[in-house]
Amino acid sequence: MIIDRRTLLVGTVGSAAALAIWPAFAAVPPLKKKDTYKVGFAQTESNNPWRLAQTASMQDEAKKRGCQLVYTDAASSAAKQVADVNSMIAQGVDFIFLAPREEKPLIPAVMAAKKAGIPVLLIDRSVDPSLAKAGEDYLAFVGSNFIQEGQRVAEWLIKTTGGKGKILELEGTIGASPANDRKKGFDDAIKAGAPDMVILASQSGDFARDKGRQVAETLLQAHSDATIIYAHNDEMALGAIAAVEAAGKVPGKDILIVSIDGEKDGVQAIVDGKIGAICECSPHFGPKAFEIMYSYAAGDKIPPVIINPDRFYDASNAKEMLASAF
Ligand code: GZL
């Protein structure tokens, strides 16, 4: 009877005999070279166009390559996402694509997959680097440079306003790497490049349109002198437009709004003059994610961090680029 590596590991991991025969994975578990795979994709939620576009991209690529996709939706719960990964392990997937909803709670899922001998590729979001390492605990991170996204939006603002303005910041999901890094990139760039600009308040809208609207309403009431809103994603920026208009102010005139993602409604809002600029964050992960998995199986060295390039939208190009927005 052939006991495959994973069964033995999962079945007897921790016993001296197992460790004697199967050394614990110091590095990322290997992936056998095959034509097709049974892969898991653990999504965070499906409550906005960005997540839906990412999921569609992964499902399309799995279908194109004839891979069986075990898809889960954590419905905005990090705890459920951990359970989802554990269920994929129990189903014996060959490989896991994971977009960790928050940086710390998903560490046990990454480690459980490693212990089970299943390589994990982090797509879009990452985990706390002090708790898990690329190239050791998981294969790699592929996604945008979120710090740079925040910096690019800040630089556009400084240039456009001559370094003047009072900012309200709508943060993404608390504990999520894009929220942490978009805040760091933006706030540090404003501090360093525009001493006269001030961030009046900063609060999470959880990357959601209605929550973003509610938070923007509250902050606008508390800070009637605000002249800028920086939203960590378009959904919250679109919510903020509604809040600005409800406050009897004109978005793009009284309040300059900037954002990140590049969803169709967001780019259209630039065309309509309601949003000033958006740094793109492409959700189209499918082709690259599967290419990395097959390259890994073929024995190629995979870099620990693979950055997706982001385009930038403003009034100079939004109209012509609208068709290519997601
Ligand atoms: C960013 C991604 C974020 C998007 C949001 O890579 O994780 O999650 O910016 C989405 O729109 O909810």
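These notes cover the structure that comes with them. In every chain, residue numbers begin from 1 and rise along the written sequence. In keeping with the model being predicted, local features are shown solely for residues with a pLDDT of at least 70 and side-chain atom pairs are shown and tallied solely at 80 or more, while totals for entire chains, interfaces and linings include all residues. Only hydrogens and water are set aside; all other atoms, that is, all heavy atoms of the structure, feed into the side-chain values.

## Examining the pairing of strand β2 (residues 68-73)
To keep things clear, this is the line we draw: Pairs of strands are assigned from DSSP output, requiring at least two bridges between the strands. Numbering of helices and strands runs from the N terminus; a helix is a DSSP stretch of H or I covering at least four residues, while a strand is a stretch of E covering at least two. For a crossover, the right-handed case is the one in which the path from the first strand over the helix to the second runs clockwise, viewed with the strands pointing away from the viewer.
Where strand β1 (residues 38-43) lies against β2, six bridges are found, and the strand directions are parallel. Bridge pairing in β2 places K38 opposite Q68. In this fold, β1 hands off to helix α3 (residues 49-65), which returns the chain to β2; that crossover is right-handed.

## Looking at the side chain of E61
Basically, it comes down to this: Burial here depends on accessible area, computed with a 1.4 Å probe over protein chains only, as a share of the maximum for the residue type. Under 20% is buried, over 50% is exposed, and the range in between is partly exposed. Contacts described as polar in this section are N or O atom pairs within 3.5 Å, which, within protein, must combine one atom able to donate a hydrogen with one able to accept it, while residues neighboring in sequence count only if both atoms come from side chains. In this description, contact between two residues means that some pair of their heavy atoms is separated by no more than 4.5 Å.
Of note, E61 is situated in helix α3. By relative accessible area, E61 is classed as buried at 5%. A polar atom in the side chain of E61 sits 2.8 Å from the side chain of R65. With residues up to four places along the chain from it excluded, the contact list for E61 reads G286, P287 and F290.

## Things to note about the site of the ligand
Quick note on the threshold: If a single non-hydrogen atom of a residue is within 4 Å of a molecule or strand, that residue counts as near it. Here the open area of atoms and residues is found with the Shrake-Rupley method and a 1.4 Å probe, where only the protein chains shown may cover a residue. Residues are grouped as follows: Ala, Val, Leu, Ile, Met, Phe, Trp, Tyr, Cys and Pro are nonpolar; Asp, Glu, Lys and Arg are charged; all remaining types, including Gly, are polar. These domain limits were set by an automatic method or by a database of domain assignments.
Surveying the vicinity of the ligand reveals the residues N48, W50, R51, D124, R125, F146, P178, R182, F207, N233, D261 and C281. N48 is positioned with one of its side-chain polar atoms (N or O) 2.8 Å from an oxygen atom of the ligand. One nitrogen or oxygen atom from the side chain of R182 is found 2.8 Å from an oxygen atom belonging to the ligand. Burial of the ligand by the surrounding chains reaches 99%, relative to a free accessible area of 320 Å². Mapped by element, the contributors of at least two residues to the shell around the ligand are α3 and α7 (177-193). Looking at the shell around the ligand residue by residue, the class counts come to five nonpolar, two polar and five charged. Of the residues that make up the shell around the ligand, three or more belong to each of domain 1 (11-143 + 284-305) and domain 2 (146-281).

## Notes on the sheet that holds strand β7 (residues 198-204)
We apply this condition: Axes, fitted as lines to C-alpha atoms, cover a helix only where it is in contact. Angles between the N-to-C directions of the axes lie from 0 to 180 degrees.
Spatial ordering of the open sheet is given by β7-β6-β8-β9-β10-β12, a layout of six strands whose pairing is mixed. Two strands in the sheet have a free side with no partner beyond their single neighbour: β7 and β12 (312-314). In this sheet, adjacent strand axes meet at a mean angle of 15° when their direction is disregarded. Strands in contact with helix α10 (residues 264-271) are β10 (277-280) and β12; relative to β10, the strand with the most contacts, it is inclined by about 150°.

## What to know about helix α11 (residues 286-297)
What counts here: The span you would expect from a helix comes to 1.5 Å times its residue count less one.
Across its twelve residues, α11 extends 17 Å between first and last C-alpha, which sits within 8% of the 16 Å expected from 1.5 Å per residue. α11 sits mainly inside the fold: nine of its twelve residues count as buried. Listed as buried for α11 are G286, A289, F290, I292, M293, Y294, S295, Y296 and A297. For α11, the elements touching its buried residues are β1, α3, β3 (95-98), β4 (120-123), β5 (140-143) and β11 (305-307). One or two positions beyond α11, positive phi appears at G299, with a value near 95°.

Don't take any of this as a statement about function, it's just geometry.
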